[in-house]
Amino acid sequence: MTSGIANVATGKQGTENEISIIDKLSKSRNISVDDVLPSSTGIIGVQLPIESVLESMDEIIENVSPASFMDFAESIITTDSKIKIENKKIGEAAILATAKGAGMIEPNMATMLSYIFTDAKVSQPELDLLLKKSVEHSFNSMSVDTDTSTSDTVVIMSSGKYEVDAEEFGKVLDEVCISLCRQIVDGAEGAKHRIEVTVADCADERAAKLIGKSVVNSPLVKTAVYGCDPNWGRIVMAVGKTEGADFDKNNIAISVGDYCIFKDGSEVSESLPMIKKYLDSEHDIRIKISVGTGDCEHTVYGCDLTEEYVRINSYYST
């Protein structure tokens, strides 16, 4: 992995640089080029200092020693405030995973990187299908700032040692991916609050996700959460502006934490003091929106918007 330069929009030279790194690494470690997984994160449109990279690789490779997983997890972070790891067992098998990402985060799996390792025996086609399902309910349901990175990567690697029940493995994989997703938004650039928006009673899961993303991506909702302001009108606004989602405004109900703030077209005024206290005291802010058009639901993950996020990104390339 290279950091500081994304190696995106760098044309033929960028591709050749990447191939040079992969080729040198594969020869030095006596492994196939197909077993080298390149990842990059950083500024777009800048060429890698390929000569310096290749020269430095000699010393790095010569002195490399078996690293712990924690060392790996720490080595991939950039503007992250802390490392992100998760591990869970499925019988004798295990899943161990890490991720990096703090800004430019709204994965659409086209600068978030996630690596998942397991010794569970799952066929490649089934593993691919299970990962895609998990990604849809975790990384693809997450947003820090609405900006999709040019370098999003989620990869799972299996040694295939232990037999597992595929359905149970899929459930645990979901838990691992959602945990990493929560850790990413929790450690996002400048974030003070994590926000989870669940849209329920929706006609379909796609519409629920669209509405949830509209809310969690709203600068006005984000800043209200940061300021601990129980301004439910901003949530209603974000629901109302969602394109491609049908709902009846008369059926909308909104809760913040355990307190209903909007129902039957009106404010539930007695909830305001409790919600203010909830926003003041809690780090993890839960918003639930019922739209009354069906029985599907979806949860999205995000964070608030602070002055620190503006500071970090105002001077990113300078």
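Reference entry: report on the structure contained in this document. (Residues numbered from 1 in each chain as written. Predicted model: local features only at pLDDT ≥ 70, side-chain atom pairs only at ≥ 80, totals over all residues. Heavy atoms only, no water.)

Points about the pattern of salt bridges
Piece 1. Scanning the model with the defined rule gives 15 salt bridges in all.
Piece 2. Measuring nitrogen to oxygen at the nearest pair gives 3.6 Å for the salt bridge that ties D258 to R286. You can see D258 sitting in the loop between β8 (253-256) and β9 (259-263) and its partner R286 sitting in strand β11 (residues 284-290), a full 28 residues away along the chain.
Piece 3. Under the relative-accessibility criterion, D258 is labelled exposed at 64%. (Salt bridge = Lys/Arg side-chain N within 4 Å of Asp/Glu carboxyl O. Helix = DSSP H or I, 4+ residues; strand = E, 2+ residues; numbered from the N terminus. Buried < 20%, exposed > 50% of the residue type's maximum accessible area, 1.4 Å probe, protein only.)

Focus on helix α1 (residues 11-29)
Piece 1. Look at α1: 28 Å from first C-alpha to last across 19 residues, which is about the 27 Å you get at 1.5 Å a residue.
Piece 2. For α1, the full list of buried residues reads G14, N17, I21, I22 and S26. Take α1 and look down its axis: the buried residues cluster within an arc of 160 degrees, on one side only. The exposed set on the far side of α1, more than 90 degrees from its buried face, consists of K12 and K27.
Piece 3. Where α1 is buried, its residues meet β1 (2-5) and α2 (50-63). (Expected span 1.5 Å × (residues − 1). Arc of directions from axis to C-beta. Contact = heavy atoms within 4.5 Å.)

Things to note about the sheet that holds β11
In any sheet, the strands associate via hydrogen bonds between backbone groups, in a parallel or an antiparallel arrangement.
Piece 1. Here we have six strands laid out as an open sheet, ordered β10-β9-β8-β11-β7-β12, and mixed in their pairing. Where the open sheet ends on each side, the last strands, each with one partner, are β10 (266-267) and β12 (296-303).
Piece 2. The pairing of strand β7 (residues 194-202) with β11 spans seven bridges and is parallel. Residue pairing across strands places V199 opposite I289, the latter belonging to β11.
Piece 3. Along the sheet face, helix α6 (residues 205-216) touches β7, β11 and β12 and points at about 25 degrees away from the line of β12. (Pairing = 2+ DSSP bridges. Axes fitted to C-alpha atoms, helices over the stretch in contact; angles between N-to-C directions.)

Focus on the sheet that holds strand β4 (residues 93-100)
Piece 1. Strand order in the open sheet formed by four strands is β3-β4-β5-β6, and the pairing between neighbours is mixed. The sheet terminates laterally at β3 (84-90) and β6 (153-163), the two strands that pair on one side only. Between one strand and the next, the sheet's axes are offset by a mean angle of 10 degrees, whatever the strand orientation.
Piece 2. Pairing of β3 with β4, which is carried by seven bridges, proceeds in the antiparallel orientation.

A few points about the packing of aromatic side chains
Piece 1. For the structure on display, the rule yields five aromatic pairs.
Piece 2. Taken together through their ring pairs, the aromatic side chains of F69, F72, Y115 and F117 make up a single cluster. (Phe/Tyr/Trp six-rings, centres within 6.5 Å; stacked < 30°, edge-to-face > 60°.)

Some remarks on the nonpolar core
Piece 1. Membership of the largest hydrophobic core comes to 35 residues, with the highest contact counts inside it found for I95, I116, F139, M142, F169 and L173.
Piece 2. Looking at this core, the elements with two or more residues in it are β4, β5 (113-121), α4 (124-137), β6, α5 (166-186) and β12.
Piece 3. With ten residues, the top contributor of residues to this core is α5.
Piece 4. Apart from the residues lying within four places of it in its own chain, the contact partners of I95 are E86, N87, K88, I90, I116, F117, T118, F169, V172, L173 and V176.
Piece 5. Counting 29 residues, the second largest nonpolar core, distinct from the first, contains V215, I235, I261 and V300. (Core = buried A, V, L, I, M, F, W, Y, C linked by side-chain atoms within 4.5 Å.)

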